[in-house]
Amino acid sequence: MSDSSSKLGFNGAWSMAVGGMIGGGIFATLGVVVTISGSLTWLSFLAAGLIALATGYSYVKLASHYHKGGGAFTFLREVGAKNIAGTLSWILLVGYVLTNSVYAFTFGQYLGYVLDMGAWVPRASAFAIMVLFIGLNLRGVAEAGGVEIFLVWVKLIVLVGLASWGLSEWQPEMLTRGVPDASLAAALFGAASVFMAYEGFQLLAYDYDDIHEPDKTLPRSVLSAIVVVIVVYILVALGTAMLIGADGIVEHEEVALAVAGREVLGTTGVVIVTIAAAFSTGSAINSTLFATARLAHTVARAEELPKALTHQNSGGIPDRAVLLLGFAAATFAAIGTLNTLVEAASLSFLVTFAVVCALAFHKKTGRRWITGFGALAATASAIALVIRLVSEDLVALLFFTALVIAAAVIRPLWLRRSKGE
């Protein structure tokens, strides 16, 4: 266990939570949600944010209740739901892999837009950035608290600055230009589809033992970080629309913020936004891969994943988990599409968040109207997203269905066989 001087205080924990969410989230998902929600994109981010806030509340209350981190997997095992914990761990790990693939995909798209050297550059860059962070993780190079705080403020300044510039030229007609009339239903579908933009706060739940006075620091940092991110996302959604219109965001779905940066400062604006995107996605890839590999190691030690993933190198790094999760994300980033990756990841996290909120409600940790709202809203959003995927992206739905079958049916059979039972 770390000594108290090396533990994360409020500043470091808050920065990690904000960085985990903004780290690529808004850069990758703005175009996806505008395509669905049109002028009510801001409402989609607000609705998804409120579910995230209820879930964050459930996470910190459960962590305080059990006085340990580890997230959904640990909490479920504490109540004896080992099979559900094992199943959910597989879904959650794939959700993280898909999230990292979105971050890498986004990095490649922004870099490719700046370089303008051909269609192969974004895909190759996406694969390369994952390989880079696989190497850094294997060497045990993780961001220090001070570096994370610096990167978070760079991202916030760029995003809020861009949004403020756009909002200063307020033209409401830009919100509806070139997109169909929005409806409340469309806004809710958009909220469900873009949920992965808020998942990053839960990475902090795995660092419970590395946080100074966690029962006090964790709730303050997680909940305030989610509120700040909700506000930033809404400001960016509105401000970007003012600069390039809703149709411009849809047309340049994968690099909308870079196009908005060009409207503000020309080529300099593109470069500034691209640097911010690189900081965001790189930081998010590193922290997500770091935390996910350790989660996989924990799950493997609990005999819910192959024993091979418990292996650690001489530096104590779960190297095989890093390699497996990292190269899986690199592959998806190289061959996937933005909408499919975002929506499949969002569905994974909605299912996880619904279970965590339901557990908090069941254990009566915290205010039950908050945890109950989180459970019901996350479940309803997951159902809404499934309905949308049936008609709009059957590939993402089939992928998720296959994952659930593998986790719930094939996993226990395979693990029993591997134990010789």
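In short, a report on the structure. Counting of residues starts from 1 at the beginning of each chain's written sequence and follows it residue by residue. Reporting of local features is limited, given that this is a predicted model, to residues whose pLDDT is at least 70; pairs of side-chain atoms are given and counted only at 80 or more, and all residues count toward the totals for whole chains, interfaces and linings. The basis for the side-chain values is all heavy atoms of the structure; hydrogens and waters are excluded.

Quick word on the layout of surface pockets
Okay, step 1: In this structure, the second largest pocket spans a volume of roughly 340 Å³.
Okay, step 2: Of the two site types, the cavity is a set of points on a 1 Å grid over the protein atoms alone where a 1.4 Å probe fits but cannot get out, and the pocket is an open set with protein on both sides within 12 Å along at least five of seven lines, each lined by residues with an atom within 4 Å of a point. Every residue lining the second largest pocket is counted, 17 residues in all, and those nearest its centre are Trp90, Leu93, Val94, Leu305 and Leu324.
Okay, step 3: Secondary structure counts use DSSP, requiring at least four H or I residues in a row for a helix and at least two E residues in a row for a strand, with both numbered from the N terminus. At the level of secondary structure, the elements contributing two or more residues to the lining of the second largest pocket comprise α5 (82–115), α11 (319–335) and α14 (394–418).
Okay, step 4: Counting residues per element, the lining of the second largest pocket draws most heavily on α14, at 5 residues.
Okay, step 5: Grouping the amino acids of the lining of the second largest pocket by side-chain chemistry returns 17 nonpolar, no polar and no charged. Grid points are joined across faces, edges and corners, and a volume is the space filled by probe spheres set on the points. When residues are sorted by character, Ala, Val, Leu, Ile, Met, Phe, Trp, Tyr, Cys and Pro go into the nonpolar class, Asp, Glu, Lys and Arg into the charged class, and all the rest, Gly among them, into the polar class.

Focus: the nonpolar core
Okay, step 1: We define a nonpolar core as any set of buried Ala, Val, Leu, Ile, Met, Phe, Trp, Tyr and Cys residues linked to one another through side-chain atoms lying within 4.5 Å. Think of it in three bands: residues with accessible area under 20% of the maximum for their type are buried, residues over 50% are exposed, and the middle band is partly exposed, with areas taken using a 1.4 Å probe on protein chains only. Counting residues in hydrophobic clusters, the biggest one holds 144 residues, and the most contacted among them are Ile26, Phe27, Phe45, Tyr198, Tyr233 and Leu257.
Okay, step 2: Any two residues having at least one pair of non-hydrogen atoms within 4.5 Å are treated as being in contact. Residues within four places of Phe27 in sequence aside, it is in contact with Ile22, Thr106, Tyr110, Leu159, Glu254, Leu257, Val273, Ala276, Ala277 and Ser280.

Overview of the pattern of salt bridges
Okay, step 1: We count a salt bridge whenever a side-chain nitrogen from Lys or Arg sits within 4 Å of a carboxyl oxygen from Asp or Glu. Within this structure, the stated rule accounts for 4 salt bridges.
Okay, step 2: A salt bridge links Lys68 to Glu78, with the nearest nitrogen and oxygen atoms 2.7 Å apart. One end of the pair, Lys68, is in the loop between α3 (41–66) and α4 (71–78); the other, Glu78, is in helix α4, with 10 residues separating them in the sequence.
Okay, step 3: Owing to a relative accessible area of 31%, Lys68 belongs among the partly exposed residues under this scheme.
Okay, step 4: A salt bridge links Arg177 to Asp247; the shortest N-O distance between them is 3.0 Å. With Arg177 in the loop between α7 (145–167) and α8 (184–193) and Asp247 in helix α9 (residues 214–251), this pair connects stretches of sequence that are 70 residues apart.
Okay, step 5: Given the relative accessible area of 26%, Asp247 is considered partly exposed.

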